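# Structural features, examined
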Amino acid sequence: MAAPLTRPAETPPPRPAPPTKRPARPARAAGGPGARRGQRRAVALFTVPFFALFTAVTVLPMLYAAWMSLFREESSGLGFGGTERVFAGFGNFTEALGNEAFLRSFGHIAFYCVLYIPAMVGGALVLALLVDSAMARARRFFQIAYFLPHAVPGLIASLIWLYLYTPGLSPIIDVLDAFGAHWNFFGQDEAIYSVVNISAWQWTGYNMIIFYAGLQAVPREVLEAATVDGSGALRTALQVKVPMIRPTVVLTLLFTCVGAIQLFDAPKLVQLRANTMGEDWSPTMFIYTAAFKGHDYGLAAASSLILALVAGLLSFVVTKLGNRWKAS
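Residues numbered from 1 in each chain as written. Predicted model: local features only at pLDDT ≥ 70, side-chain atom pairs only at ≥ 80, totals over all residues. Heavy atoms only, no water.

### Concerning the nonpolar core
- In terms of nonpolar packing, the biggest core is built from 68 residues, with Y112, Y116, V195, F211, V270, M277 and W281 touching the most fellow members.
- The dominant element in this core, judged by the number of residues it contributes, is helix α3 (residues 100-132), at 15 residues.
- Apart from residues no more than four positions distant in its own chain, M277 is found in contact with A191, V195, P267, V270 and Q271. (Core = buried A, V, L, I, M, F, W, Y, C linked by side-chain atoms within 4.5 Å. Buried < 20%, exposed > 50% of the residue type's maximum accessible area, 1.4 Å probe, protein only. Helix = DSSP H or I, 4+ residues; strand = E, 2+ residues; numbered from the N terminus. Contact = heavy atoms within 4.5 Å.)

See below:
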C-alpha cells in the first residue's frame, strides 16, 4: 500500500530586517554657532528699522544741510537779474561765527539755562521725593496732576501763558495789582523769566515721573536700614535716595541741556509782545529768521550745523561731569 502523501512544512516568510537607526544629531549647544546666528538675525530684525528711520530723518537732512552750507545765492543787476547759486566754501560758517546776533543768542540760552535747569530739575526732584515719601497720599492722583502740563503741546501752552501774561486779560496781573505788586511779563529784563516759567511749567511734571520711577527702584531694605539707624525723612532723602538715583539725574540733565539749546516755541511767542527780545533771541530763532525771512539758506544751514556741534559738545561735557559725579 502506498504511503500517504504528506504536505511539506511551510517555511515562514523571512522577516524584514529591522530598520537601521540613524545616529541622533547632537543637540545644539546654547551658545553654539547656530544660536549666535539666530541672535544676530533677531538683533538685525529689530535694529534695521530704527537705523533706516534714523538715516532718513537725521543723517540725510544733516548731509543735505552740510551741502547747502557750502553755497550762497548772489543776485546780479541790482537785484533785477535774478539770483544764482555760487560756491562759498566755509564762507557761511565764517559769517555765522562773526555774526554778533548769532553769538549773542548763545549768551541768552546760557543765562536761560542758569535759571531754568536748577528750577526745573530741582522742582521735579523735590516733587518726586514728596510723592515717594511715606506720608504721601493719593500718589496716582498727584502723578497724573503733575504730568498733565506736559500733555499740553508746547505751542498751546505758550499761547495759554501769553494770555495770562497780557495786561487787561490776565487774572494773574489783576491779583498782583490788588496786592500792589506790579510786574511786566514782557519787560526787557522780565521777559526771560516769562520764558523760563513756560518751560518749567511744561517739563517739571514729566521729569518728576522719571525721578519717581528711579526712586521706586531703590531697595526698600536700604531705606528700612536708614530708618533703623535713626535717619529722618529729610536725611534719608538727601543722603540715601538722591545718591542712588544719580544716573537718572545725569540722564535728565543731559536731555534738558540738549533741549534747552534748541529752545524755540516759548521765546518765539513771547517775542510777539516783548519786542525787546528780538527775532534772533535764541539760536533756533536766528536760524529760522535767516532761512524764512532773510532767505539765506546757506547761512541758516551753516548755523544749524554749528548749533548741532555745540549740542554734541555740551552733551559730551555733561556726560563726563555726570560720570564723575556718579563715580564719587
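### Focus: the packing of aromatic side chains
- Throughout the structure, instances matching the rule amount to 17 aromatic pairs.
- With a centroid separation of 5.9 Å and an interplanar angle of 20°, the aromatic rings of F50 and F54 are classed as stacked. Here F50 pairs with F54, and both are found in helix α1 (residues 33-68), just 4 residues apart, close to one helical turn.
- Note on F102 and F286: the rings are 5.0 Å apart at their centroids and 40° apart in plane angle, and the pair reads as tilted. Placement of F102 in helix α3 and of F286 in helix α12 (residues 283-292) is noted, with a sequence separation of 184 residues between them.
- Chaining the aromatic ring pairs together yields one cluster made of W161, Y165, F185, F186 and W201. (Phe/Tyr/Trp six-rings, centres within 6.5 Å; stacked < 30°, edge-to-face > 60°.)

### A look at the pattern of salt bridges
- By the definition in use, this model includes 3 salt bridges.
- Ionic pairing is found between E95 and R72, a salt bridge with its closest N-O pair at 3.8 Å. One end of the pair, E95, is in helix α2 (residues 91-97); the other, R72, is in strand β1 (residues 71-75), with 23 residues separating them in the sequence.
- With relative accessibility at 26%, the residue R72 sits in the partly exposed group. (Salt bridge = Lys/Arg side-chain N within 4 Å of Asp/Glu carboxyl O.)

### Some words on the packing of helix α7 (residues 191-216) against helix α10 (residues 246-261)
- In contact at an axis separation of 9 Å, α7 and α10 are set at 160° when each is read in the N-to-C sense. In terms of axis orientation, α7 runs roughly antiparallel to α10. Seen from above, α7 lies across α10 with right-handed handedness. Two secondary-structure elements touch here, α7 through N207, I210, F211 and G214 and α10 through T248, V249 and T252.
- Its residues assigned to classes, the contact of α7 with α10 shows 3 nonpolar, 4 polar and no charged. (Axes fitted to C-alpha atoms, helices over the stretch in contact; angles between N-to-C directions. Parallel < 35°, antiparallel > 145°, perpendicular 65-115°, else oblique. Left-handed = near helix turned anticlockwise from the far one by under 90°. Nonpolar A, V, L, I, M, F, W, Y, C, P; charged D, E, K, R; others polar.)

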